[in-house]
Structures are given as C-alpha cells and as structure tokens.
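Here's the letter readout for the chains.
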Amino acid sequence: MARKLNPDFVKGAKPVTSLCPSPCQCSLDTAFKGLTVDCSNKGLLKIPDIPSHVTVLDLQNNRLTFITCQDFAKTLNLRILRLSHNKINTLEKCTFANLTKLEKLEITNNELSHVEEAFENIIHLTYLDLNSNTINTLTPFVFKNLASLHFFDISNALTRFDVDLYNIKNMEVLDLSNNLVAGFSENNCQDFAELKTRNPNFKIRIQSNPLMCTCEYLSFVHLLITHPDIFDSVDSINCTTIDGSNLSHDQLATFYPQLMKSCVSQEIFIGTLVTFFIVLGTVLLSAMFYYNRWKFAYLYFIGSKKLHVGDVPLVYKQIAEVFITYEQEPEYIRLARQVFIPWLKDNHVTYLHGEDHFQAGPQNHNIAGAIVGTRKTLVLLSRDIFEDRYRELEMNLAIMHEMNCSDRIIQRIKCFNL
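Draft legend 1. Summary view of the packing of helix α2 (residues 218-226) against helix α3 (residues 249-291). The N-to-C vectors of α2 and α3 enclose an angle of 145 degrees; their axes lie 9 Å apart at closest approach. Viewed along their axes, α2 and α3 form a crossing whose handedness is left-handed. Residues L218, V221, H222, L224 and I225 of α2 touch α3, and the partners they reach there are H249, L252, A253, Y256, L259, M260 and C263. Its residues placed into classes, the contact of α2 with α3 shows 10 nonpolar, two polar and no charged.

In structure tokens, the structure reads:
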C-alpha cells in the first residue's frame, strides 16, 4: 500500500538571508511568491520570530511542546506548515486562527490528545496529516469549515469515528488506518456513500483496526459488501464475528444473511423484553395504586406530615378525646344522645360531634380539625351512613389520619338492626 503523501517544499526557491530568523535557513519561494523558511532539526524549544511574508515554513524534528496564539499571528500568507516530530500536546482555537490561506498542514508524531476547534478558520486547507499522535476522539464538527479538504490522515488511537462529513465535498483520501475503530454508524456509512457519489476518487483506509462484524455495525458490513470501491485495499480488510471468527472481505457476502437474521431476532427479542417490562411495570403500578389508593388520596390532605383540607393546613392539637360520626336519622341521633354520649360523660371522656359543634364556619375544615384534634373516631355504622357526603368525608379523613399515625384511630360500632 502506498504511503501517505508528504508534500515537498516548493521547487524553484532561491536562497535568501535578509530577515531570516536564526538559526533557520531561508530561500525565495517563486511558486507562492513569498519566503520559504526551513527551521527543521534545530533543537528549537519555541518558534522563532517568523517573517510576515513567509509562505512555506518547516519546523519538523525540533523539541516544541506548545504553540502560542502569537506564533503565527503575522504569517497571514502561509501556505505550507510542517510541525511533525515535535512534542506538541495542545492546539488552541487561536493557534491557526490567522492562517486562512494555509493549504497543507503536517502535525505527525507529536503528543496531541485532542484537537477540538483548532482548524476552524483554515478554510482553504486541502491536506491535513495528524497521524501518530494520541488522539482518541474527534468532535463531530471538526470539519465544519474545511470544505476544501482533499486528504486527511488521523491514524492515532481513535475508538470511534462520529464526525459529520456533510461539508466535505472534495475529500479523496480519508486515512483511518492503525486506530482502534470497531466499525462505523449508519450515518457514517451514508456519508461515505454520498462522498463516493460526489467524488469517484474518494477512498477510505481502514487497515489495522479491530473491525467487528456484529449487529451494532450491520450498516458497515453492508457497505463493505455493496460498495467495496470506497475502501482502499479492500481485500486486506478483515473483521471479527461475535463468536471470535475472523472473516476476510470475500467471506462477508456469505456471512451477511446469517448476521441479518441474527440481528432481526435480537431486535424482536429486545422489543419483546422491553414490552414485557413495560406491561409488568404498568400492572405493578396499577396494583400499587389500587391497594394504596387511600394513601394516594391522602397526599391531597397532607404536606410535611400535616393534614390539609384543600390548601389549609391543620396542625395536630388535641381538643377532645373522641369524635363521633353517625347517620343523621332520628333513631341514630337518639342512640348517640341517649346511649353513647351519656356513657362518655359518665366516664369523663371528652367528645366532639357535628350536630353540636359545627354550627358555624367552613364545614370541611371543622370536620378535618375535629378528626385531627381527637385521639379516636367513634363510627356508628349503619346501612345508609355514607349517603351523607359529610359522613363519607368524616370516615375518609379518619381512615387517612389512621394511616398517617400508624395507630388505630377508628372504633366501629355496628347499628344495622335499629
């Protein structure tokens, strides 16, 4: 396989010493009508003061660790820049901000771990080589303004390639070899196919990656089979199946139907499993709501463990020992007045009941206050007691109060035979 393009300095340059930074060597650049500055192999720790009319700059094989935002602030006409074989570990957004005419950039064999938006303003860049760094991820929009890019080498330590290629119209070589990429997403595969349609010369290099032939990369396997012309040296591409088998490219067409069937079965199983858990969760929630419906209703009446009626809080303060609720029919009124109330009085038990104590004010608030303000609720049960909405409210509030107190509040007395 042919090695990557390594652009030479422009031929036709003439030696020149005027304004040449020490210890570099300079020559006139007749192709770009500027200055070629060769600072390679000088042991430089920082970039010297470069003349503003430089068009070709070689800083390879030095000991540079960083580039300041001012290093290329004046080199507005720079066309070719070589920074390979240094120890550069960071590129800031401002690093190349003024190099809008730059066409070729080499930063191979450095210590870059990320590039972020460093190339955002290099709108005329056609050649970008970043191989042999430690870059393991690229931002999705790293190519946002690089519509002129023809060659890109990112042979590093990438684990995924999720880059938007929509603006790249003229790409001819995308070198992703010698990374840790297992495959490509469906969106990536669509971008590759569209690039090939726009530019028949487009090729991807993906050799020496741990490629996987699995359901996650089904679109990638399909692309390898249907568009082998997209991939450079496609016959040398291998991928590994889920059971560890290693498949060559010519075996993929036979394997693909089996993989497709397995992926469909897997999707059906996952869909069924998800549906089962959704239904199970719905049933459990419904059962929980049903068996705890009074507790959920109680949420309407409590806040910070205080009983409410609507928005009015009722703080517990004992005003009597017993609250009596009963059907408002003559026989039950007589029973309460002639039997239970005298008995309570004889035993010195303080009591509340609606007929004597709720003569004024909001009825609901008084009922809730009476139930919260007593230790027990005495219920004279009769067949039609709950046809009266206030008796129903009294019973419901007593039930809720009992649940909140975790104590027995309600005392029931059956009076069905009166």
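Draft legend 2. Seen up close, the sheet that holds strand β17 (residues 351-353). Within the open sheet, the four strands sit side by side as β17-β16-β18-β19. Their pairing is parallel. The open sheet terminates on both sides in strands that have one partner only, identified here as β17 and β19 (410-414). Here the strands of the sheet are splayed against their neighbours by 25 degrees on average, with no regard to which way each runs. The strands touched by helix α5 (residues 330-346) are β16 (322-326), β17, β18 (376-381) and β19; relative to β16, the strand with the most contacts, the crossing angle is about 165 degrees.

Draft legend 3. Quick peek at the state of the cysteines. Overall, the coordinates contain five disulfides when judged by the stated rule. The disulfide partner of C20 is C26, and the S-S distance across this bridge is 2.1 Å. Handedness here is read from the sign of the S-S torsion; for C20 and C26, about 80 degrees, the answer is right-handed. A sulfur-sulfur separation of 1.9 Å characterises the disulfide bridge that pairs C24 with C39. Between C24 and C39, the S-S dihedral sits near 105 degrees, and the bridge is therefore right-handed. Residue C24 is found in the loop between β1 (14-16) and β2 (25-29), and its partner C39 is found in the loop between β3 (34-38) and β4 (54-58); the two are separated by 15 residues along the sequence. C24 sits in the buried class, given a relative accessible area of 9%. Assigning the bonded cysteines of the chain consecutive numbers by sequence position, one obtains the connectivity 1-3, 2-4, 5-6, 7-9, 8-10.

Draft legend 4. Expanded view of helix α1 (residues 186-198). Over its 13 residues, α1 extends 19 Å from the first C-alpha to the last, a length consistent with the 18 Å expected when each residue adds 1.5 Å. Buried within α1 we find N188, C189, D191, F192, L195 and K196. Looking straight down α1, one finds that the buried residues subtend no more than 160 degrees of arc, so they occupy a single side. Exposed residues pointing more than 90 degrees away from the buried face of α1 are listed as E186, N187 and T197. Of the surrounding elements, those touching the buried residues of α1 are β9 (173-175), β10 (203-205) and α2.

Draft legend 5. Quick peek at unusual backbone geometry. Here the residue pair S22 and P23 is connected by a cis peptide bond, since its omega of 5 degrees sits within 30 degrees of zero. Summarising the element assignment, P23 is placed in the loop between β1 and β2. For N61, which is not glycine, the phi dihedral falls at a positive 55 degrees. Inspection of the secondary structure assignment puts N61 in the loop between β4 and β5 (80-82). Backbone geometry places S233, a non-glycine residue, at a positive phi of 50 degrees. Within the fold, S233 resides in the loop between α2 and β11 (238-240).

Draft legend 6. Quick look at the pattern of salt bridges. In this structure the tally under the stated criterion is 12 salt bridges. Between E216 and R160 there is a salt bridge whose closest N-O contact spans 3.7 Å. Taken as a pair, E216 in the loop between β10 and α2 and R160 in the loop between β8 (151-153) and β9 lie far apart in primary sequence, 56 residues in all. Look at R160 and you get partly exposed, because its relative accessible area is 39%. A single network of salt bridges, built from pairs that share partners, joins K93, E117, E120 and K144.

Parameters at a glance
Residues numbered from 1 in each chain as written. Predicted model: local features only at pLDDT ≥ 70, side-chain atom pairs only at ≥ 80, totals over all residues. Heavy atoms only, no water. Axes fitted to C-alpha atoms, helices over the stretch in contact; angles between N-to-C directions. Helix = DSSP H or I, 4+ residues; strand = E, 2+ residues; numbered from the N terminus. Left-handed = near helix turned anticlockwise from the far one by under 90°. Contact = heavy atoms within 4.5 Å. Nonpolar A, V, L, I, M, F, W, Y, C, P; charged D, E, K, R; others polar. Pairing = 2+ DSSP bridges. Disulfide = S-S within 2.5 Å. Buried < 20%, exposed > 50% of the residue type's maximum accessible area, 1.4 Å probe, protein only. Expected span 1.5 Å × (residues − 1). Arc of directions from axis to C-beta. Salt bridge = Lys/Arg side-chain N within 4 Å of Asp/Glu carboxyl O.

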